[in-house]
Amino acid sequence: MKYRRIRYVWLPVGVALLAGIGYVNWSKSGAGLYSRLWQPEALFAYWNPADFYDPVQSLTGSFAGRECVTCHEGVTPGIVNDWRKSRHSQAREPVYCTACHGNDHRNLHLPTPQICGGCHATQYGQFVDEKRYGFPSHGLAMERALDARHFVDKPKAEVSACLQCHSVASKCDSCHTRHLFNAAEARRPEACITCHSGPPHPDDESYFASRHGQIYLEEGKDWDWSKPLHKGNYKVPTCAYCHMEDGKHQVVDKSIWKFGIRQINPLTSSNEVKRNRWVKLCSDCHEADWSRRQLAKLDTERKQAWQKLYAAESVLCRLRADDQLFPPASQRPAYPTDWLDEIWPRERIGFFEGQASAFYNVSPIERDYFEMWYFDNLSTYKAAAHGDAALQRRAHAAMDRDLQSIKREARILRTLGEAERELGIDARAGSYWRIGDYTDHNREHN
Amino acid sequence: MSIGNRLRVRPDYQFGTAGFVILLLLLVSPGNGSLAQERETPPSGAYDDRESIQCHLQKNAPLISAWQHGAHGRKQRSASCTACHGKTHHGGLERAHQDDTCIDCHGGPKAPVTHSYATSKHGLILRLEAPQQGWSRPLQDARYRTPGCAYCHMHRGQHDVSKGVRKDILDDTDRQAVQDEIHQVCQDCHSPRYVGRLFDNGEKMLEVGRSKLREAMQIVEQASVRFGEKDLVTVHRQLKTMRHHLKNIYLGVAHQSPDYQWWHGQPAMDGDLLRIKGQLDELQRIQTISAQGTDERAGKTNLAGQHGQ
């Protein structure tokens with residue numbers, strides 16, 4: 001009996017486990033979970049140097065720091081100008097190019113956070129520690145981008161757009177721009193805006209419209225930005241003051257609402273710990289009770305937004321259950337990452353089913369829901385969190401309109417479906433869902 | 001360009017006697033370029049465009065002809081001397097270097113063409129540094145930490161603003177000329193390989209956008225055989241929006257704005273494309289139902305009418 005259990009239960013379990021670990025390791029052998037399914041563009045070398053950098057081969061020889069400077073003054077003077085103004089060059093023992101890039105010109109590297117961490121160990125430690133809070137976060141930004149279904153599926157030149165911002169995980173100059181690497185620059189809101197703007201995260205718009213942001217715009221240029229992000233040093237908070245208080249190099253240890261992307265329970269014990277961190281931070285200027293009430297308002301706003309989102313989601317789920325989404329997943333291209341899609345095509349509705357990738361090759365009503373969730377919902381969240389009441393009102397009104405429009409579209413789909421059923425018509429989506437300049441290119445060039 | 005020539009325009013640090021001698025030689029040498037000539041003590045007083053052109057034709061005819069060749073001087077002379085430099089010589093150079101001068105005419109701060117730059121790393125760093133550093137330095141040799149509008153589009157003070165700009169984003173016939181122009185500018189700061197790869201990738205990304213538009217245009221062309229002009233009004237409107245989104249990709253690539261490449265560009269075009277397909281599906285379904293169903297049913301469902309509600 002005992003041996004039989006080993007033979008029929010534990011042995012297969014062990015084999016399956018080993019095979020699973022082996023498969024994951026095999027598929028992760030490049031960069032990311034699906035790296036065997038795609039080839040990187042040459043430009044990726046600069047966005048994710050740890051995985052893709054290929055050293056320049058045009059010049060041979062090993063050089064000392066001073067020699068690099070002399071030559072690059074002529075070749076790329078901007079870099080040298082910056083470096084001369086930086087603390088790196090003004091230190092008693094200057095940090096030359098070679099410290100970060102190496103000195104063999106045919107074997108140079110771009111500095112990764114790990115290389116910067118060689119000297120800036122505290123900041124690097126905090127930055128790495130961020131990963132344990134999960135995503136959204138800076139630390140996991142590159143991994144999650146490379147593992148996204150739409151990243152694997154789409155032409156790599158197209159999704160190179162993603163990597164520019166998601167490279168915040170793979171190099172430090174997203175915020176401390178090269179070759180000045182100035183902490184003062186990174187403290188200012190402008191350092192965040194290149195990535196934290198646009199429809200899904202209008203952080204720039206919502207912060208600058210808030211009272212905090214208005215005061216910053218009015219007076220910020222005259223403040224001393226060399227001061228640390230510490231209580232009493234700044235009249236109003238900036239992005240970094242709140243999200244990286246005291247210069248701590250991680251932005252998610254207070255992250256309760258997770259970017260507004262999915263619904264969370266704000267009252268769990270771990271979220272209570274995070275809330276207390278917020279209250280402590282806001283108490284640098286405000287009363288603790290007042291701060292708590294403001295944060296509770298955000299809970300309420302999120303609840304309202306999710307009621308609207310779930311209402312829309314249930315409209316879509318009912319359409320799917322009744323086979324009324326048009327075209328259904330079986331009549332449009334499948335993701336290459338998911339072999340199951342080929343034999344069991346299914347529409348992805350809601351965060352947990354992979355809605356984040358369902359913004360192309362989906363039916364218009366699914367796209368409407370994507371935009372409601374990813375654009376208008378996230379805008380209401382950002383507006384509420386940063387204190388932009390006008391945007392909060394506008395974006396909530398937009399969500400109401402989205403919901404009405406989704407319901408109207410659903411009625412049309414049902415009316416058409418019923419008419420077709422009564423007349424015995426087998427409606428097929430146009431062949432253009434599977435054929436066309438981009439669609440063909442996409443299938444062949446991922 | 002030689003290293004000595006580059007040193008001439010960078011007084012931020014000492015460059016020794018040799019550098020000083022080179023600087024003197026360069027300043028007095030003939031054919032030193034437009035900048036030194038432009039800076040001879042300019043006359044005071046206010047001048048209009050006609051007077052400015054008349055005088056500067058004698059001083060620097062190539063500059064005037066470059067201006068006339070570019071978009072600012074061609075057609076109805078959309079941006080004349082005084083539009084950018086003001087009417088007096090006092091502060092005229094600084095005024096023309098400033099981003100705000102360009103933004104005033106180019107759609108204001110929220111127009112895609114200016115916003116795509118303003119939210120790029122270049123734009124934001126310049127926004128932080130301009131109040132301290134001013135706009136008086138020449139537009140060359142990385143004299144600004146990051147480039148403003150004029151640094152790239154009027155690099156080294158050249159006045160043909162159409163250089164380095166695509167004439168038509170739908171085809172790539174002028175690719176090589178544009179590439180040559182802007183490589184010179186970018187290499188003030190960036191390595192030639194980085195600039196080359198950025199450019200190639202940008203071209204590919206733009207081509208992906210073009211392929212989306214082509215796909216949509218082919219579908220709409222085929223549809224126009226089956227459906228009437230009136231049925232296709234929304235489809236054509238969507239196609240127009242799609243062109244704007246393609247322009248956003250171009251601006252995102254040219255100004256290095258991830259947001260314009262992506263959220264205002266590629267996924268926005270995906271949305272346009274699938275909506276065009278969805279609208280045509282719907283028209284097709286209505287047509288089939290109408291053909292097979294009785295007139296009574298077609299009247300009862302009145303599907304097209306529901307869209308207007």
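Cut-offs applied
Residues numbered from 1 in each chain as written. Chains lettered and ligands numbered in written order. Predicted model: local features only at pLDDT ≥ 70, side-chain atom pairs only at ≥ 80, totals over all residues. Heavy atoms only, no water. Axes fitted to C-alpha atoms, helices over the stretch in contact; angles between N-to-C directions. Helix = DSSP H or I, 4+ residues; strand = E, 2+ residues; numbered from the N terminus. Parallel < 35°, antiparallel > 145°, perpendicular 65-115°, else oblique. Left-handed = near helix turned anticlockwise from the far one by under 90°. Contact = heavy atoms within 4.5 Å. Nonpolar A, V, L, I, M, F, W, Y, C, P; charged D, E, K, R; others polar. Disulfide = S-S within 2.5 Å. Buried < 20%, exposed > 50% of the residue type's maximum accessible area, 1.4 Å probe, protein only. 1 Å grid on protein atoms, 1.4 Å probe; cavity = no way out; pocket = protein on both sides within 12 Å on 5 of 7 lines; lining within 4 Å. Points joined across faces, edges and corners; volume = space filled by probe spheres on them. Buried area = accessible area lost by both parts, 1.4 Å probe. Salt bridge = Lys/Arg side-chain N within 4 Å of Asp/Glu carboxyl O. Polar contact = N/O pair within 3.5 Å; in protein donor to acceptor, adjacent residues only side chain to side chain.

Residue and element names in this part refer to chain A. Running from N to C, helix 19 (residues 288–321) and helix 22 (residues 389–423) cross one another at 15°; their axes reach a closest spacing of 10 Å. When the axis of helix 19 is compared with that of helix 22, the two are roughly parallel. Helix-helix and strand crossings are classified by hand; for helix 19 and helix 22 the assignment is left-handed. The residues of helix 22 that touch helix 19, namely those facing Glu 301, Gln 304, Ala 305, Lys 308, Leu 309, Ala 311, Ala 312, Val 315, Leu 316, Arg 318 and Leu 319, are Gln 392, His 396, Met 399, Asp 400, Leu 403, Ile 406, Lys 407, Ala 410, Leu 413 and Arg 414. When its residues are assigned to classes, the contact of helix 19 with helix 22 shows 12 nonpolar, 3 polar and 6 charged.

The next thing to look at is the state of the cysteines. A covalent bond between the sulfur atoms of two cysteines is referred to as a disulfide. Here the structure, examined in full by the defined rule, presents 1 disulfide over all chains. With its sulfur 2.4 Å from that of its partner, Cys 165 of chain A forms a disulfide with Cys 195 of chain A. Here the S-S torsion is close to -100°, and the disulfide linking Cys 165 of chain A with Cys 195 of chain A is therefore left-handed. In this pair, Cys 165 of chain A sits in helix 12 (residues 156–166) while Cys 195 of chain A sits in the loop between helix 14 (190–193) and helix 15 (203–209), placing the two residues 30 residues apart along the sequence. Assessed through its relative accessible area of 18%, Cys 165 of chain A is described here as buried. Classification of Cys 195 of chain A by relative accessible area gives partly exposed; the value is 25%. Between Cys 239 of chain A, a cysteine without a disulfide, and Cys 192 of chain A, which holds the nearest cysteine sulfur, the sulfur-to-sulfur distance is 3.9 Å. Taking relative accessible area as the criterion, Cys 239 of chain A reaches 21% and is therefore assigned partly exposed. No disulfide involves Cys 55 of chain B; its nearest neighbouring cysteine sulfur is the one of Cys 81 of chain B, lying 10 Å away.

Time to look at the environment of Leu 93 of chain B. Residue and element names in this part refer to chain B. Of note, Leu 93 is situated in helix 7 (residues 92–97). Given a relative accessible area of 32%, Leu 93 falls into the partly exposed group. C-alpha separation for the pair Leu 93 and Gln 132, spaced 39 residues apart in sequence, amounts to 17 Å.

Now for empty space enclosed by the protein. Under the defined criterion, the tally for this structure stands at 6 cavities of 30 Å³ or more. Looking at the largest cavity, its volume works out to about 180 Å³. Lining the largest cavity we find 16 residues, and of these Arg 332, Pro 333, Tyr 335, Asp 341 and Asn 361 of chain A sit closest to its centre. Looking at the lining of the largest cavity, its residues break down into 8 nonpolar, 1 polar and 7 charged. What the second largest cavity holds in volume is close to 70 Å³. Tyr 360, Asn 361, Trp 433, Tyr 438 and Thr 439 of chain A together with Asp 270, Leu 273, Leu 274 and Lys 277 of chain B are the residues that line the second largest cavity.

Let's shift gears to the interface of chain B and chain A. Of the residues lining the interface, 67 residues belong to chain B; the matching set on chain A comes to 90 residues. When chain B packs against chain A, close to 6800 Å² is buried across both sides, 58% of that on carbon and sulfur atoms. When the buried surface of chain B facing chain A is broken down by residue, Arg 145, Trp 263 and Arg 285 of chain B rank first, second and third, together holding 12% of it. For Asp 270 of chain B, the salt bridge is made with Lys 154 of chain A, and the minimal N-O distance between the two is 2.7 Å. If you look at where chain B meets chain A, you find 35 residue pairs in polar contact (both at pLDDT 80 or more). Broken down by secondary-structure element, the contributors of at least two residues to the side of chain B that touches chain A are helix 1 (3–8), helix 10 (121–133), helix 13 (192–226), helix 15 (258–261), helix 16 (266–292), helix 17 (295–301) and helix 18 (303–306) of chain B. By residue number, the principal contributor to the side of chain B that touches chain A is helix 16 of chain B, which donates 18 residues. Each residue belonging to the side of chain B that touches chain A can be placed in one class, and the counts come to 23 nonpolar, 22 polar and 22 charged.

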